[in-house]
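These are the residues of each chain, in order.
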Amino acid sequence: MSRAAAALLALLACLAGAAGAATGRSPLGTVTARMAPVKPICAYPPSNSPTTAVAYGNAVTSRAKHPYATIPWWVRSDGTWFMCGATLVSSRIVITAAHCLDDSWGAPTHVTIGMLSWSDSAGTYQKIAVQSATRHPSYNPNTLDNDIAIIVLKSAANITKNAPAVLPAANLSLEKKKLVVAGYGTTEDGAVARVLKEASLPYINKNTCKTNARTTYYLNIPVTDRMMCAGGAKTTSGTAYYDACPGDSGGPLIYQASSTAAKQLVGVVSWGLDLPCGQSPFGAYSDLRTLKKWVCCKVRRLLTAGACRDVPTTTTC
Ligand SMILES: *[C@@H]1O[C@H](CO)[C@@H](O)[C@H](O)[C@H]1NC(C)=O
Ligand SMILES: *[C@@H]1O[C@H](CO)[C@@H](O)[C@H](O)[C@H]1NC(C)=O
């Protein structure tokens, strides 16, 4: 067999695997974690140069504009790798989704911070080894409740180069606010983006989202207090939605009160309806307002002073 033929077969096998998203009888009744759909061989599809990632998003092109762009690709300990988003919240702490650490994927060995494009040269981003990765003890892989994990880095990231996001106050109101999601995942054309993408999404009232999940979408899992919903804004064509997509899991949902205010990590990309990228009328995110108690309890001393002001030191984890 020629090299080209072997490469093509490998690519086809890879893409077939990638297409194996969650199944279900009713597309609206089932949800799917926004887990990485690809293994490394899929990472550089030879004839594919998508222009947008996060459905209908814009490329994040400026490091100056996006110092929080800490969307690491992390690596399995056995050498085969996959991707998930994550967010730096202090020099040693990275937050991601618990389902990014599902046993079948193996443990992450390192994170990269501040990579805006897969073709960035090594000196432009930070690559730091992982000391430990811990899932929330009440994480439920079937319902994706408590879908959050903490990665402790072996050495400190340079936070002058890549500013960490801050944790939100437990009582922060996001009603009628615009949030920003970012990721390297798949795009509306089903391909993997090779540049970091972002899109602006409206927050969806939690009770509205809970009710719709039950009565409009008949979802097989409930929207819980540890989740929040965002999305539902139609694209200019009116036929799709701005949204996170498979491969964006673990990545940030950011709220910024004004252009000079701190970027707050309010959500972590978790799941969406089992529909093609850009067709889900909302996305679900782990809600840091309720989950920061656990983060603070685990790593308070590694967070910025004051980050856990509103979380009692007596909180147990
Ligand atoms: C951290 O990054 C800043 C900004 O890029 C740079 O000036 C500084 O030298 C870096 N510090 C270290 C210890 O590498
Ligand atoms: C949120 O809680 C803080 C105390 O932790 C309080 O000072 C602030 O007024 C509260 N904000 C709202 C909107 O309730």
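So, here's what we can say about the structure. These numbers come from a predicted model, not from an experiment.

1. Looking at the environment of Asp274
Part 1 of the argument: Checked against the element boundaries, Asp274 lands in the loop between strand E12 (264-273) and strand E13 (283-287).
Part 2 of the argument: Asp274 sits in the buried class, given 21 other C-beta atoms within 10 Å.
Part 3 of the argument: Here the alpha-carbon distance between Asp274 and Thr32, two residues 242 residues apart in the chain, equals 5.2 Å.

2. Let's talk about the environment of Ile151
Part 1 of the argument: Mapped onto the elements of the fold, Ile151 is located in strand E7 (residues 149-153).
Part 2 of the argument: Overall, Ile151 belongs to the buried group, with 26 C-beta atoms counted inside 10 Å.
Part 3 of the argument: Here the alpha-carbon distance between Ile151 and Val130, two residues 21 residues apart in the chain, equals 6.8 Å.
Part 4 of the argument: Ile151 has contacts with Ala86, Val94, Thr96, Pro108, Val111, Val130 and Ala133, leaving out every residue within four places of it along the chain.

3. Focus on the pairing of strand E11 (residues 252-255)
Residues in a regular strand project their side chains so that they alternate between the two faces of the sheet.
Part 1 of the argument: Burial of the side chains of E11 extends over both faces: Pro252 and Ile254 are buried on one face and Leu253 and Tyr255 on the other.
Part 2 of the argument: Here strand E8 (residues 178-183) runs beside E11; their pairing, made up of two bridges, is antiparallel. Along E11, the bridge assignment pairs Val181 with Leu253.
Part 3 of the argument: Inspection of the sheet shows E11 paired to E12 by four bridges, in the antiparallel sense. Bridge assignment links Ile254 to a residue of E12, and that residue is Leu265.

4. Quick look at the sheet that holds strand E3 (residues 87-88)
Hydrogen bonds between backbone groups are what pair the strands of a sheet, and the pairing can be parallel or antiparallel.
Part 1 of the argument: Taken in spatial order, the five strands make up an open sheet running E3-E4-E7-E6-E5, and their pairing is antiparallel. Each having just a single partner strand, E3 and strand E5 (110-113) make up the two edges of the open sheet.
Part 2 of the argument: As paired strands, strand E4 (residues 93-96) and E7 are joined by four bridges and run antiparallel to one another. From the neighbouring strand, Val94 faces E7, where its bridge partner is Ile151.
Part 3 of the argument: Sitting on the sheet, helix H3 (residues 288-299) touches E4, strand E6 (126-135) and E7, and the angle it makes with E7 is about 30°.

Conventions and cut-offs
- Residues numbered from 1 in each chain as written.
- Chains lettered and ligands numbered in written order.
- Predicted model: local features only at pLDDT ≥ 70, side-chain atom pairs only at ≥ 80, totals over all residues.
- Helix = DSSP H or I, 4+ residues; strand = E, 2+ residues; numbered from the N terminus.
- Buried ≥ 20, exposed ≤ 12 C-beta atoms within 10 Å, placed from the backbone.
- Contact = placed C-beta atoms within 7 Å.
- Pairing = 2+ DSSP bridges.
- Axes fitted to C-alpha atoms, helices over the stretch in contact; angles between N-to-C directions.

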